[in-house]
Amino acid sequence: EEISLRDVSDFLIGLVKEAADIILDARPTTNTATSKKNTADIVTETDQAVEKFVQEALSRKYPTFAFVGEESYKSGVRITDQPTFIVDPIDGTSNFVHGFPASCISIGLVINRRPVVGVVYNPFQEELWSAVQGEGAFTQRANHPRQQLPLNNTPLQGLGPACIGIEWGSDREGPNFELNLKVFTTLSRTAATGGRFVNSLRCTGSAAITICRVAAGQQEAFWECGCWAWDVAAAWCILAEAGGLMVDGHPGNWRPPIDNRRYLAVRPAVSGQETFVEEFWSVIGNDRST
Ligand code: IPD
């Protein structure tokens, strides 16, 4: 049976808005969060409730599709070629428990391990991003008309003038952490002190929202080593449909798999994308990581 990706997208847009009520009704605090691996890796009852709600709705509507969600994920589970929903019920859980209004529900559909539908919704700012493969990407804010992405695709002029979203992830030791640290310090330091500083670095606590901002052209790039498919699947579709690039965090791989765990997203631009990627890769060098 032919799948209508547009229908899937319409369904997901309705679903994230319903799920948003669970998030908006919650009163989380830093004291009600539970640590998973460490205090940088947390979960709340709301993450679990949203995931359950979304999973049940998706399995009723699309019973043959596979499901991978952050909170129900079991180590070792592989994403297959089957149509698979990849869900982060709350991306930006740390922001959520602090009341910092940058968290979202992120639902991606991947087929043959490639993102084909993406819906990301930040209920605190009523900001929605969505895309369907081959049909472009859109954003909508409360009381504003829907806009097609990108909002900006002026030429990229290398790292110097760039505003780059960089996330730390939850590792605080080991090769992923060391590489994130290296990228951060190199992009902060002057050439005289061994770096190549950029206009600005941003760490806003939600990989999905940051990639959507890159898709819009509001930031030049997003970098993280150590995040997971559910952090990027939906936003990846939005980025690609807007004309942005998602490449491997390591030099040479222009087409990373969905579960690469190491991502560099570059904004849409009429020119300069490849040069930008090469410049960024030269900062990374041959460091190993995930
Ligand atoms: C986290 C956020 C954060 C990123 C972490 C993710 P969560 O997702 O996307 O920006 O740095 O790697 O785990 O845990 O809030 O869903």
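Residues numbered from 1 in each chain as written. Predicted model: local features only at pLDDT ≥ 70, side-chain atom pairs only at ≥ 80, totals over all residues. Heavy atoms only, no water.

Visitor: Before we go on, may I ask you to explain the packing of helix α4 (residues 175-186) against helix α7 (residues 273-284) in this structure?
Guide: Helix packing for two helices is described by the angle between their axes and how far apart those axes are. Where α4 contacts α7, the two axes come as close as 9 Å, and the packing angle between them is 115 degrees. For the pair α4 and α7, the sense of crossing is right-handed. Note on element contacts: α7 touches α4 through Phe280, Val283 and Ile284, opposite Leu179, Lys182, Val183 and Thr186. Looking at the contact of α4 with α7, its residues break down into five nonpolar, one polar and one charged. (Axes fitted to C-alpha atoms, helices over the stretch in contact; angles between N-to-C directions. Helix = DSSP H or I, 4+ residues; strand = E, 2+ residues; numbered from the N terminus. Left-handed = near helix turned anticlockwise from the far one by under 90°. Contact = heavy atoms within 4.5 Å. Nonpolar A, V, L, I, M, F, W, Y, C, P; charged D, E, K, R; others polar.)

Visitor: Looking at this structure, I do not really get the packing of aromatic side chains. What am I missing?
Guide: The relative placement of two aromatic rings is captured by the distance of their centres and the angle of their planes. For the structure on display, the rule yields 13 aromatic pairs. With a centroid separation of 5.7 Å and 35 degrees between ring planes, the pair formed by Trp223 and Phe280 is classed as tilted. On the criterion of sequence distance, the pair formed by Trp223 in strand β12 (residues 221-225) and Phe280 in helix α7 is long-range, its members being 57 residues apart. What makes Trp223 buried here is its relative accessible area of 0%. It is Lys17 that lies over the ring of Tyr121; its NZ or CZ is 5.7 Å from the centre. Positioned over the ring face of Trp228 is Arg261, at 3.6 Å from the centre of the ring. (Phe/Tyr/Trp six-rings, centres within 6.5 Å; stacked < 30°, edge-to-face > 60°. Buried < 20%, exposed > 50% of the residue type's maximum accessible area, 1.4 Å probe, protein only. Lys NZ or Arg CZ within 6 Å of the ring centre and 35° of its normal.)

Visitor: Looking at this model, I keep getting lost on the domain arrangement of the protein. Mind explaining?
Guide: The accessible area lost on association of the parts is a frequent measure of interface size. Taken domain by domain, the protein comprises domain 1 (5-149) and domain 2 (163-284). Each of domain 1 and domain 2 was reduced to a C-alpha centroid, and the two centroids are 21 Å apart. Contacts between domain 1 and domain 2 engage 44 residues on the former and 30 residues on the latter. Across the domain 1 to domain 2 interface the summed buried area is about 2700 Å²; carbon plus sulfur atoms make up 62%. Taken together, domain 1 and domain 2 are joined by three salt bridges. Two residues, Asp171 and Lys37, come together in a salt bridge whose shortest N-O distance is 2.9 Å. Linking domain 1 with domain 2 are 12 residue pairs in polar contact (both at pLDDT 80 or more), by the criterion used here. Of all the elements in the fold, those that place two or more residues in the side of domain 1 that touches domain 2 are β3 (66-69), β4 (84-91), β5 (104-111), β6 (114-122) and β7 (127-132). Per-element tally for the side of domain 1 that touches domain 2: the top contributor is β6, with eight residues. Across the side of domain 1 that touches domain 2, the residue classes tally to 21 nonpolar, 14 polar and nine charged. (Domains from an automatic or database assignment. Buried area = accessible area lost by both parts, 1.4 Å probe. Salt bridge = Lys/Arg side-chain N within 4 Å of Asp/Glu carboxyl O. Polar contact = N/O pair within 3.5 Å; in protein donor to acceptor, adjacent residues only side chain to side chain.)

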